[in-house]
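In case you want the letters, here they are:
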Amino acid sequence: MTRQNKKTETKQVCNTSIAENIGLITETSWEVCNKIGGIYAVLSTKARQLKEQFSDALVFIGPDVWSSENPSPYFKEKKTVLKSAASKLKLPWGITIRTGRWDIPGTPLVILVNPGETAAHIDEVYGEMWAEYGVDSLHSYGDYGESCEFAVASAIVTKALAEHLKVEEKNVVAHFDEWTTAMGLLYTQLTMPETATVFTTHATSIGRSICGNGKPLYEYFHNYNGDQMASELNMQSKHSLEKAAAHAADCFTTVSEVTARECEQLLEIRPQVVTPNGFEPDFVPKTAKYNKLRKDGRMRLLNVAAALSGRKYDDNTFLIATSGRHEYRNKGLDLFLDSIVKMEEKLPDNAEALAFILVPGWVKEPSGSLLMTLDFDGNDNSAPDFLTHRLFNEDSDEVCVRIRQLRGEGRLGKVRVIYVPSYLDGHDGILDIAYYDLLPAFDLTLFPSYYEPWGYTPLESTAFGVPTVTTDKAGFGQWVLDSFRNGLRQCGVFVTEREDSNYSDSCDVIAEAAAGYYKETPVARSEARHAAFLTAEKADWKFFITHYDEAFSVAWRRASERNKNILN
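Parameters at a glance
Residues numbered from 1 in each chain as written. Predicted model: local features only at pLDDT ≥ 70, side-chain atom pairs only at ≥ 80, totals over all residues. Heavy atoms only, no water. Helix = DSSP H or I, 4+ residues; strand = E, 2+ residues; numbered from the N terminus. Rg over C-alpha atoms; globule rule 2.2 N^0.38 Å. Buried < 20%, exposed > 50% of the residue type's maximum accessible area, 1.4 Å probe, protein only. 1 Å grid on protein atoms, 1.4 Å probe; cavity = no way out; pocket = protein on both sides within 12 Å on 5 of 7 lines; lining within 4 Å. Points joined across faces, edges and corners; volume = space filled by probe spheres on them. Nonpolar A, V, L, I, M, F, W, Y, C, P; charged D, E, K, R; others polar. Pairing = 2+ DSSP bridges. Right-handed = clockwise from strand over helix to strand, strands pointing away. Salt bridge = Lys/Arg side-chain N within 4 Å of Asp/Glu carboxyl O. Core = buried A, V, L, I, M, F, W, Y, C linked by side-chain atoms within 4.5 Å. Contact = heavy atoms within 4.5 Å. Phe/Tyr/Trp six-rings, centres within 6.5 Å; stacked < 30°, edge-to-face > 60°. Lys NZ or Arg CZ within 6 Å of the ring centre and 35° of its normal. Axes fitted to C-alpha atoms, helices over the stretch in contact; angles between N-to-C directions.

(A) Structural detail: the overall build of the chain. From N to C terminus, the chain includes 21 helices and 17 strands. In terms of overall size, the chain behaves like a compact globule, its C-alpha atoms giving a radius of gyration of 24 Å where 568 residues would be expected to give roughly 24 Å. Dimensions of the chain along its principal axes, counting C-alpha atoms only, are 80 × 60 × 50 Å. The buried share of the chain, reckoned over its 568 residues, is 59%.

In C-alpha cells, the structure reads:
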C-alpha cells in the first residue's frame, strides 16, 4: 500500500467513525431556503453530498421569513419529520418552528425558525456575550439585532431538538455560517458545552467593509489591524462577534486561501481548514434541455435588446454578462464597464455585441415602455434605453450613473450595455427566466472582482459551459491558477491579476481577452466551452466535500478532548 493510499484509508476510517457517532449535525444560516446571496449556492449545492454521508441526522436551520401569502418556493413543509418536532418541541420566548425538506438535490431536512419574543431577552444575552467572550453589542445597528435574535433562537432550537431526539450533546455537531449566526455558536457553547462547533466565515465583515469604503485592502494589507479598523468604520459589534466565534469554535473554516490570509490578518486567527466551494452537477441540464435553454434564452435577450434599442440583432450576436451582488467596486462592476469600453476599441467596425449586467438593484417595477414594446400590458414610464426595470434610485445607482456617463460621452457604440437590476427568479416581469436557465445563453462572462472570497459566479459560469474571465483576488480564480493552465481555450477560465494600483492594466488585459474571444472561430469557442465544463467537473462537491469531512474531524476531536478535560 502506498503512502497516499494509507493516508486516504486513515481519513476514510476517521470519517466513518465520526459519521457513526454523530446523532445530529445542524447547519444554521440566513440563506437556508432563503435565496439572497452566494451562501445559498454553497449550502444548496453541497447538501446532497452531506445527506449521503449523514442521512437524516443532517438538519439545516434557517429563518422563517415566509407567510401563507408569500411562501418559500424552496421549502416543502412536513410536520411529521424529526418525530413531529414542529408540534412537540418545548421552546421558550415564543419561539416557533416549521419542519420539512429543502427542495434541492438530496432534499435534506430543514427547520425554519421564528424567533418570537427573543428580542425581549436579547439584551440579557448581549450581557452574557460581553462577560464570556468580550462581544461588544453596545455599538450595534442595522441588521445586528435581527441576526442575533435568529441565531440565539436557532441555538435554543438545536438544544431542544437534540433532547427531543434523545441525542447526547457529545454526539451533536453544530455548524454556523457567517457573523449573522455567530452568536448562535457562542450561545451553543454556553448551553451545550459538550457539542462540537464549526464556524465558517465566507467573507470577513471588516474586510468587506474596508473594501466597501474605498480603502486599499491589498497595498496596506499587512498594516491593517482588524480591531482598529472596526472602530474606525463603526463595525465594532459585527467584527467583535465574528472574531469571538472564530476563536471559540472547535473548528474555524473559510472558503479560500485568499480569505484564510484575510482572517489571519484581521481576525488574528488562521482557519484550521479551508473549505473551497464546489458545485452540484445535477443543477446543470442534460444536452437536449441545455441546447433548448440556450436557444430560448438568447431569443429572449435579443428581443429585449431590440425593444430597448429600436433595432434588430442577429442570432449570432456576441452576448457577454456579469452578475452577482450589487457591490460596485468589490464585484468589479466599475472594471466591467470600463473593460467593455476598451473592448470596443479592439473590435471590428461591423461587430455586434451585447453586454448584460444582471445585478439586483433597488427595483421599483418593470419598465412600462419596454413591456409595451414587447407587446405586454404596461404603462409607458419612459425608461432609459439601457434599463429593463425602473429603480427607486436611478439618479444615484452607481451602475446607472456610469452607463449614462459613458453613453453621454459616446463611448458605448459597438457594444450595447443593458442593465437588468432584478433578481432572476423566473418572475421578474421582463425576462421571466431563472438565472441558471438563462446562463447557457451567453458566450462569455466577466467577473473582474476586487474583493471575492470565493466567486460562485465564475464557477457557475463554467459549470454551465460558459467561458469566464475573473481575477486572482477571487478564491475561485486562485484555485484555477493553482490547478490548470490559465486561458479560455485551455481551461475555460482566464484569470487576470488585480491589485490596488493596476486598475488600468487590468482593464486592458480583460478587454484584450474579451475582444480576442469575440474574434475566435466557432471551433475555438466550442473548445473553450468544453474546457469550461471540464474545469467545473473538478470542482464537483464529491471532490470538495472532503474538506468538510476534515473540518468535522477537527471539531469532533477538539470537542472530545475538551469533554475529557471536563470529566477529569
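(B) Looking closely at the layout of surface pockets. Considering only enclosed or pocket space, the second largest pocket measures out at about 300 Å³ in volume. Taken together, 13 residues make up the lining of the second largest pocket; nearest its centre are Pro281, Val284, Ala463, Phe533 and Glu537. Top contributing element to the lining of the second largest pocket by residue count: helix α20 (residues 522-537), with three residues. For the lining of the second largest pocket, a count of residues per class yields eight nonpolar, no polar and five charged.

(C) The arrangement of the pairing of strand β16 (residues 468-471) in detail. The two faces of β16 match: Thr468 and Thr470 on one face and Val469 and Thr471 on the other face are all buried. Strand direction decides the pairing type here: strand β15 (residues 444-447) and β16, joined by three bridges, are parallel. Directly across from leucine 446, in β16, lies its bridge partner valine 469. Handedness of the β15-helix α16 (residues 456-463)-β16 crossover: right-handed. Pairing analysis gives four bridges linking β16 to strand β17 (residues 493-496), with the strands arranged parallel.

(D) Region of the structure containing the pattern of salt bridges. Counted under the stated rule, the structure contains 37 salt bridges. A salt bridge links lysine 238 to aspartate 143; the nearest nitrogen and oxygen atoms lie 3.0 Å apart. Taken as a pair, lysine 238 in helix α9 (residues 236-248) and aspartate 143 in the loop between α4 (122-133) and α5 (144-164) lie far apart in primary sequence, 95 residues in all. With a relative accessible area of 16%, lysine 238 lands in the buried category.

(E) Structural detail: the nonpolar core. Within the largest apolar cluster, 81 residues are counted, with the highest numbers of intra-cluster contacts made by Phe60, Trp102, Phe356, Leu358 and Phe442. No other element matches helix α21 (residues 541-567), which puts ten residues into this core. Non-local contacts of tryptophan 102, meaning those with residues more than four positions away in its chain, are made with Glu31, Val32, Cys33, Tyr40, Leu43, Ser44, Phe60, Tyr74, Thr107, Pro108 and Val110. Val81, Tyr144, Cys148 and Val167 belong to the second largest nonpolar core, which has 52 residues in total.

(F) The packing of aromatic side chains, seen in detail. Summed over all chains, the structure comprises 27 aromatic pairs. Judged by centre distance (4.9 Å) and plane angle (50 degrees), the rings of tryptophan 30 and phenylalanine 150 are tilted. With tryptophan 30 in the loop between β1 (24-28) and α2 (38-54) and phenylalanine 150 in helix α5, this pair connects stretches of sequence that are 120 residues apart. Judged by its relative accessible area of 14%, tryptophan 30 is buried. Taken together, a centroid distance of 6.0 Å and an interplanar angle of 75 degrees make the contact between phenylalanine 279 and tyrosine 436 edge-to-face. With phenylalanine 279 in the loop between β9 (273-274) and α11 (287-309) and tyrosine 436 in helix α15 (residues 435-438), the pair connects residues that are 157 residues apart, well separated along the chain. Like tyrosine 436, phenylalanine 279 is buried. Three or more aromatic residues link up through ring pairs in this structure, and these residues are Phe279, Phe283, Tyr435, Tyr436 and Phe464. Stacked on the ring of tyrosine 141, the Lys or Arg lysine 238 has its end atom at 5.8 Å from the ring centre.

(G) Focus on the sheet that holds β1. Strand order across the open sheet formed by nine strands is β3-β4-β5-β2-β1-β6-β7-β8-β9, with mixed pairing between neighbours. Looking along the sheet, the strands with just one partner apiece sit at the ends: β3 (75-77) and β9. Where helix α3 (residues 81-88) meets the sheet, its contacts fall on β2 (58-63), β4 (96-102) and β5 (109-114), and the angle it forms with β4 comes to roughly 150 degrees. Contacts from helix α10 (residues 257-266) reach β7 (196-201), β8 (251-254) and β9, with the element oriented near 125 degrees to β8.

(H) The arrangement of the sheet that holds strand β10 (residues 318-323) in detail. Strand order in the open sheet formed by six strands is β14-β11-β10-β15-β16-β17, with parallel pairing between adjacent strands. If you trace the sheet from one side to the other, it starts and ends with β14 (415-419) and β17, each paired once. In this sheet, adjacent strand axes meet at a mean angle of 20 degrees when their direction is disregarded. The strands touched by helix α12 (residues 333-345) are β10, β11 (353-358), β14 and β15; relative to β10, the strand with the most contacts, the crossing angle is about 160 degrees.

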